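Summary of the model geometry
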Amino acid sequence: MGIAVAGMDFLSDRASMMREALQKSQTITDNVVSILGSFDSRLSALETAMRPTQIRTHAIRKAHENIDKSLKSAEVILAQFDLSRQAEAKILKGPHEDLEGYLAAIDQLRSNIRFFSSNKNFKNSEGVINHSNTLLAKAISKLEDEFKQRLNSYSKPIEPDRLFDGLPNSLRPSSGSPGNQGEPGGRGPSHNHSEHQNVDLETAVYTPPTLIPPRIIPLLHDLAKQMVRAGHNQQLLKIYKETRSLVLEESLRKLGVEKLGKDDVQKMQWEVLEAKIGNWIHFMRIAVKLLFAGERKVSDEMFEGFDSLSDQCFAEVTASSVSVLLSFGEAIARSKRSPEKLFVLLDMYEIMRELHSEIETIFKGKACNEIRESALGLTKRLAQTAQETFGDFEEAVEKDATKTAVLDGTVHPLTSYVINYVKFLFDYQSTLTQLFQEFETGDGTVSQLASVTMRIMQALQTNLDGKSKQYRDPALTHLFLMNNIHYMVRSVRRSEAKDLLGDDWVQIHRRIVQQHANQYKRNAWQKILQCLSIQGLTSSGGGSSVGDGGNSSGVSRALIKDRFKIFNMQFEELHQRQSQWTVPDTELRESLRLAVAEVLLPAYRSFLKRFGPLVENGKNPQKYVKYTAEDLERMLGEFFEGKNINEPKR
């Protein structure tokens, strides 16, 4: 019990102590609140007192900031003035000594103009801008002079030898191969044309010459760029055209290119004109693949970034030279048609087709439209003229009325001309195929060529039939036709014409050759063979007869003598005349001699054996039996040799 009372007293004491502590804490809190309240009023009074000082400090700070900005602006403006003075000094000095520094000065001048144009509030801005623009105009003017001077200095005509170095080996003058037209008067490609050669040329590598040193192009590009930025495109175009076009024309002149028109072409002898056409074909290759390609490269690099200007400059530079080259082609295409022009027309058409893709590539852009159209127009005109000339040829062959006499019955010049013409056609098969495609009439191109070739051969035969009638001797008529048709058959068999005309044509015409050979033998030898016949050798008055019981029984010696005399006279006449006739083909000549010998010699041997003794037993037998069979055989070996009448006998 006592323990419990003691515990309660202890708790009561602790509670009293806690009440006292709480009362003291409340008193302290009240005192702190009172103090803080007095601080708030004092701070408010202090803030009121400091406000004017804060306002003055902010104003001073803003003033300092404005001063800093003004100083910085002044520094920038002063720097621009300094740069302007430096640029002006370089510009006034000129571009010749330090072109790169001069170009940098122009760029700086433009930068200054932009700066002051965007700072119009600066009171001297207008004056600075005007001065800079005046200085810039002077700078561009000097730049034009510098561009012209440098372009002139490094623009030189290209010597022919340098151009030839860029050609494939097969086309260089030193190679001596077909198509070399580097020297005036050279034979044209039509003389040695082959489609295999054309394929080689299409894949050949050409190396355009360096027209302006590569180290100079970037400087000229920078000059041109400044002129373009200044809006001086026309001045730039004028300078470039005047300089480069003259150099290009001079390069072509050195090569041998002439300005020839239709009137000039009409006055020329064919041999001269043919050589000039061959040269023109060579010049076209060189011009397009080397010179024009080189000019395109120069203009593209010099005006890089200005495509339309590059195209225009290139078009202006090349226009005159292209015109000179194409005008000659036009003159040929528009000149009077004649058969011998077909192959040069085909050659010209081929070169224009060969160059077509390169012309389209090199002369790209709107500015070159007219040049491209002119080139394409010439190609079409050449095709049309060639096609019309080809069509004229058949009619010309049939109606050929040349008075050239072939007295010895050999192959007529017309025959060899037409056959060579036809053989040349097959060197141009792909070209003719292209022509037939452009002027399609419905037939296949191969059958068309076969049909035309067949008609040409028939026209030739018709003409030869007419020409054969000029001979009074029927034997020579048939010999002439035999020679000419044999020449046609042999030429066809050895050429691609056989594939088109076919074996039937060859066999038919071989039979015609044999028919004319048979007709020749009949007309030339029938009469003399009658002298060796026993017909009419019966006894008659006025002459002695022999009756020895042999084969000559009852035959008049006088008739035998007369037969031998007639035979000798006729054979000598045939020998004299026909040794002047010609069978140019060795095989045909030998076969014809053999055919005559196979008929004549057995008949003569038989006659001589049977009736020779009648004469040999009489007076002067050598007067009648002048020849042995061997003599006749030897003399037959002299037939068809085309001997002159005054040549001594062999």
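Only a predicted model underlies this, so the values are computations on that prediction, with no experimental measurement involved.

Thresholds, definitions, all that
- Residues numbered from 1 in each chain as written.
- Predicted model: local features only at pLDDT ≥ 70, side-chain atom pairs only at ≥ 80, totals over all residues.
- Heavy atoms only, no water.
- Helix = DSSP H or I, 4+ residues; strand = E, 2+ residues; numbered from the N terminus.
- Buried < 20%, exposed > 50% of the residue type's maximum accessible area, 1.4 Å probe, protein only.
- Areas by Shrake-Rupley, 256 points an atom, 1.4 Å probe, with all protein chains shown as cover.
- Axes fitted to C-alpha atoms, helices over the stretch in contact; angles between N-to-C directions.
- Left-handed = near helix turned anticlockwise from the far one by under 90°.
- Contact = heavy atoms within 4.5 Å.
- Core = buried A, V, L, I, M, F, W, Y, C linked by side-chain atoms within 4.5 Å.
- Patch = residues over 30% accessible without salt bridge, like charges linked within 9 Å, V, L, I, M, F, W, Y side chains within 5 Å.
- Salt bridge = Lys/Arg side-chain N within 4 Å of Asp/Glu carboxyl O.
- Lys, Arg positive; Asp, Glu negative; His and termini not counted.
- Charge placed at Lys NZ, Arg CZ, Asp CG, Glu CD.
- Expected span 1.5 Å × (residues − 1).
- Bend = angle between axes of the 7 residues up to and from the residue.
- Phe/Tyr/Trp six-rings, centres within 6.5 Å; stacked < 30°, edge-to-face > 60°.
- Parallel < 35°, antiparallel > 145°, perpendicular 65-115°, else oblique.
- Arc of directions from axis to C-beta.
- pLDDT = per-residue confidence, 0-100.

1. Points about the overall build of the chain
- Helix and strand content of the chain: 20 helices and two strands.
- Looking at the chain as a whole, 43% of its 650 residues qualify as buried.
- Accessible surface, the chain as shown: approximately 35,100 Å² in total, 52% of it carbon and sulfur.

2. Some remarks on the packing of helix H18 (residues 557-578) against helix H19 (residues 586-616)
- At a minimum axis distance of 10 Å, the contact between H18 and H19 shows a crossing angle of 140 degrees. In this structure, H18 meets H19 at a crossing whose hand is left-handed. Residues Arg 557, Ile 560, Lys 561, Arg 563, Phe 564, Phe 567 and Phe 571 of H18 touch H19, and the partners they reach there are Leu 600, Tyr 604, Phe 607, Leu 608, Phe 611, Gly 612, Leu 614 and Val 615.

3. Considering the nonpolar core
- Formed by 158 residues in total, the largest nonpolar core has its most connected members in Phe 147, Trp 280, Met 302, Met 352, Tyr 520, Trp 525 and Phe 571.
- In terms of residues, this core owes the most to one element, helix H9 (residues 270-302), which gives 16 residues.
- Dropping the residues within four chain positions of it, Phe 147 is found in contact with Leu 220, Leu 223, Ala 224, Met 227, Leu 236, Ile 239, Tyr 240 and Met 302.

4. Comments concerning a positive patch on the surface
- On the surface, a cluster of positive charge is contributed by Lys 423, Arg 493, Arg 494 and Arg 510.
- Tracing the chain through its elements places Arg 493 in helix H16 (residues 474-493).
- Given the relative accessible area of 46%, Arg 493 is considered partly exposed.

5. Section: the side chain of Thr 453
- As for its placement among the helices and strands, Thr 453 is situated in helix H15 (residues 445-468).
- Filtering out sequence-adjacent residues up to four positions away, Thr 453 remains in contact with Val 422, Phe 426, Leu 500 and Leu 501.

6. Structural notes on helix H11 (residues 342-362)
- With 21 residues, H11 extends 29 Å between its outermost C-alpha atoms, agreeing within 8% with the 30 Å of an ideal straight helix rising 1.5 Å per residue.
- Along its length, H11 reaches its greatest deviation from straightness, about 45 degrees, at His 356.
- Burial runs high along H11: 15 of the 21 residues are buried.

7. Looking at the packing of aromatic side chains
- Considering all chains together, one arrives at 21 aromatic pairs under this definition.
- For the ring pair Phe 567 and Phe 571, a centre distance of 6.0 Å and an interplane angle of 10 degrees mean the geometry is stacked. Of this pair, Phe 567 and Phe 571 both sit in helix H18, four residues apart, which is roughly one turn of that helix. Of the two residues examined, Phe 567 and Phe 571, each falls in the buried class.
- Ring pairing ties together the aromatic residues Tyr 520, Trp 525, Phe 567, Phe 571, Tyr 604, Tyr 627, Phe 639 and Phe 640, which thus form one cluster.

8. Some details on the environment of Gln 226
- Counting through the fold element by element, Gln 226 comes out in helix H6 (residues 217-229).
- On the basis of relative accessible area, Gln 226 is assigned to the buried category, the value being 4%.
- On a C-alpha basis, the gap between Gln 226 and Glu 144 in space is 9.5 Å, while along the polypeptide they are 82 residues apart.

9. Let's talk about the packing of H11 against helix H14 (residues 429-438)
- Where H11 contacts H14, the two axes come as close as 10 Å, and the packing angle between them is 80 degrees. The angle between the axes of H11 and H14 places the two elements in the roughly perpendicular class. Residues Leu 346, Tyr 349, Glu 350 and Arg 353 of H11 form the contact with H14, whose participating residues are Ser 430, Thr 431, Leu 432, Gln 434, Leu 435 and Glu 438.

10. What about helix H20 (residues 629-636)?
- Within the span of H20, buried status applies to Ala 629, Leu 632, Met 635 and Leu 636. For H20, the buried positions fall inside an angular range of 125 degrees around the axis, keeping them on one side.
- Buried positions along H20 lie against helix H17 (497-531), H18 and H19.

11. Some details on the pattern of salt bridges
- The final tally for this structure, using the stated rule, is 27 salt bridges.
- Residue Lys 241 pairs with Glu 316 through a salt bridge whose shortest N-O separation is 3.5 Å. With Lys 241 in helix H7 (residues 233-255) and Glu 316 in helix H10 (residues 307-334), the pair connects residues that are 75 residues apart, well separated along the chain.
- Note on Lys 241: relative accessible area 36%, which makes it partly exposed.
- Under the relative-accessibility criterion, Glu 316 is labelled partly exposed at 29%.

12. Comments concerning unusual backbone geometry
- A positive phi is found at Phe 640, a non-glycine position, where the angle reads about 65 degrees.
- One can find Phe 640 in the segment after H20.

13. Some points on the confidence of the model for the chain
- Averaged over the chain, the pLDDT score is 81; the fraction of residues at 70 or greater is 74%.
- Within the model, the stretch residues 175-191 combines pLDDT values under 50 with 48 contacts to residues more than four positions away or in other chains.
- Below a pLDDT of 50 lies the segment residues 540-551, which in the model reaches 21 contacts outside its immediate sequence neighbourhood of four places, other chains included.

14. A closer look at the environment of Ile 359
- Its location among the elements puts Ile 359 in helix H11.
- For Ile 359, a relative accessible area of 6% puts it in the buried group.
- Along the sequence, Ile 359 and Ala 375 sit 16 residues apart, while their C-alpha atoms lie 8.0 Å from each other.
- Those residues in contact with Ile 359, other than ones at most four positions away along the chain, are Val 288, Met 352, Arg 372 and Ala 375.

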